[in-house]
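Survey of secondary and tertiary structure
Okay, here's what each chain looks like letter by letter:
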Amino acid sequence: MPVHRPGSTQRRGVVAGALFAALSLLFALPGTAQAADVPARGTAHLGMGVAAHDGDTGQGPVGRAAQTEGVDVSSHQGNVAWSTLWNSGVKWAYAKATEGTYYTNPYFAQQYNGSYNVGMIRGAYHFATPDTTNGATQANYFVDHGGGWSKDGRTLPGVLDIEWNPYGAACYGKTAAGMVTWIRDFVNQYKARTGRDAVIYTATSWWTQCTGNSAAFGATNPLWIARYASTVGTLPAGWGFQTIWQYTSSGPTVGDHNKFNGALDRVQALANG
């Protein structure tokens, strides 16, 4: 018959509890790390997933004439030194206005008005989250929070930033047909509200994967292509050329730099509609 020693049962319980806690922590770590990798809602910006998905050669455009330099900014850049950018040759800019129907950029006024005040042609963009609300609803939210357009010769049409989902599944849980419908609802409502066709920002790899390489928008919506290399590469179906090319996320003064496909008068023509 085993001899019972006072306190032995209690000690065994303490040891077992400690072991259970350690094992629980061990199994929780992968999930915790994964959750930490997901950014906070509202922090997405143009080209957030480009380098990770398509790479970044570190090489800028080569041998391209009549390209007008521009930048895009979001809350990540905070208050931007617009005079410095203007003096470096940057002539146009886009600022993030909204995301989904739950976020507005707290630096939008400084970025949108500041670029205008130094002489730039400027516009606003919307980071799409097709898994939260429908396209028309997000277009309305965008227009109501800075994404409108006026024919003053200095305001570019709004941009639909449709790309990899930083918060979950790449295609936001939508089929290719469902994604095309979502995009169509957005751009149709944007045009109904502003009279302008929205610019579509995307990357060829995402567009191919998530819209089935739809050619439905090439005849109406200007293309802003993201590719961090020395050439734009293959464009999505429907577009024979890009209007804007985001060629790097590591430019001077602020991160994302772009080439407008034409001289400054072509930027002005897009602003004028």
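Please read all numbers here as calculations on a predicted model, not as lab measurements. (Residues numbered from 1 in each chain as written. Predicted model: local features only at pLDDT ≥ 70, side-chain atom pairs only at ≥ 80, totals over all residues. Heavy atoms only, no water.)

In this section: the packing of helix α5 (residues 135-147) against helix α6 (residues 176-194). Viewed as axis vectors pointing N to C, α5 and α6 meet at an angle of 40°, and their least axial separation amounts to 7 Å. Between α5 and α6, the interaxial angle falls into the category oblique. Between α5 and α6 lies a crossing of right-handed hand. Touching Gly135, Ala136, Gln138, Ala139, Asn140, Phe142, Val143, Asp144 and Gly147 of α5 are Trp182, Asp185, Phe186, Gln189, Tyr190, Arg193 and Thr194, all from α6. (Axes fitted to C-alpha atoms, helices over the stretch in contact; angles between N-to-C directions. Helix = DSSP H or I, 4+ residues; strand = E, 2+ residues; numbered from the N terminus. Parallel < 35°, antiparallel > 145°, perpendicular 65-115°, else oblique. Left-handed = near helix turned anticlockwise from the far one by under 90°. Contact = heavy atoms within 4.5 Å.)

With that settled, the discussion passes to the nonpolar core. Formed by 63 residues in total, the largest nonpolar core has its most connected members in Trp92, Tyr94, Ile162, Ile183 and Trp224. Here the element with the most residues in this core is α6; it accounts for 7 residues. (Core = buried A, V, L, I, M, F, W, Y, C linked by side-chain atoms within 4.5 Å. Buried < 20%, exposed > 50% of the residue type's maximum accessible area, 1.4 Å probe, protein only.)

The full count for this structure, using the stated rule, is 13 aromatic pairs. On the basis of an interplanar angle of 40° and a centroid distance of 5.2 Å, the ring pair of tyrosine 94 and tryptophan 224 is categorised as tilted. Within this pair, whereas tyrosine 94 is found in strand β2 (residues 92-99), its partner tryptophan 224 is found in strand β7 (residues 223-226), the two being separated by 130 residues in sequence. Pairwise contacts between aromatic rings join Trp92, Tyr94, Tyr201, Trp224 and Phe260 into one cluster. In this arrangement the basic side chain of arginine 122 is found over the ring face of tyrosine 112, its NZ or CZ atom lying 3.8 Å from the centre. (Phe/Tyr/Trp six-rings, centres within 6.5 Å; stacked < 30°, edge-to-face > 60°. Lys NZ or Arg CZ within 6 Å of the ring centre and 35° of its normal.)

Below, the discussion takes up the state of the cysteines. Chemically, a disulfide is nothing more than a covalent bond linking the sulfur atoms of two cysteines. Going through the model one piece at a time under the given rule, you end up with 1 disulfide. At a sulfur-sulfur separation of 1.9 Å, the disulfide partner of cysteine 171 is cysteine 210. In this structure the cystine formed by cysteine 171 and cysteine 210 twists about its S-S bond by roughly -75°; its chirality is therefore left-handed. Taken together, the residues span a long stretch of sequence, with cysteine 171 in the loop between β5 (159-161) and α6 and cysteine 210 in helix α7 (residues 204-211) at a distance of 39 residues. (Disulfide = S-S within 2.5 Å.)

With that settled, consider the environment of tryptophan 182. Residue placement: tryptophan 182 occurs in helix α6. Taking the relative accessible area as the measure of exposure, tryptophan 182 reaches 4% and is therefore buried. Sequence spacing of tryptophan 182 and threonine 133 is 49 residues, and the spatial spacing of their C-alpha atoms is 9.4 Å. Every residue in contact with tryptophan 182, bar those within four places of it in the chain, is listed here: Ala128, Thr129, Pro130, Thr133, Asn134, Gly135, Gln138, Leu160, Ile162 and Lys174.

Between the first and last C-alpha of α5 there are merely 14 Å, a value that for 13 residues lags more than 12% behind the 18 Å anticipated at 1.5 Å per step. Every buried residue of α5 is listed here: Gly135, Gln138, Ala139, Tyr141, Phe142, Val143 and Gly147. Where α5 is buried, its residues contact β2, β3 (103-104), β4 (121-127), β5 and α6. Sitting at the head of α5, asparagine 134 places a side-chain oxygen 3.2 Å from the backbone nitrogen of alanine 136. (Expected span 1.5 Å × (residues − 1). Polar contact = N/O pair within 3.5 Å; in protein donor to acceptor, adjacent residues only side chain to side chain.)

Moving on: helix α4 (residues 108-117). Within the sequence span of α4, burial applies to Phe108, Gln111, Tyr112, Gly114 and Ser115. Glycine 119 sits one or two positions beyond α4 and adopts a positive phi of about 110°.

In this section: the pattern of salt bridges. Under the criterion given, the structure shown has 5 salt bridges. The partner of glutamate 69 in a salt bridge is lysine 259, and the shortest N-O contact between them spans 2.6 Å. Here lysine 259 lies in strand β9 (residues 256-261) and glutamate 69 lies in strand β1 (residues 67-73), a separation of 190 residues in the sequence. The same class applies to glutamate 69 as to lysine 259, namely buried. A salt bridge links aspartate 197 to lysine 191, with the shortest nitrogen-to-oxygen separation between them at 3.5 Å. (Salt bridge = Lys/Arg side-chain N within 4 Å of Asp/Glu carboxyl O.)

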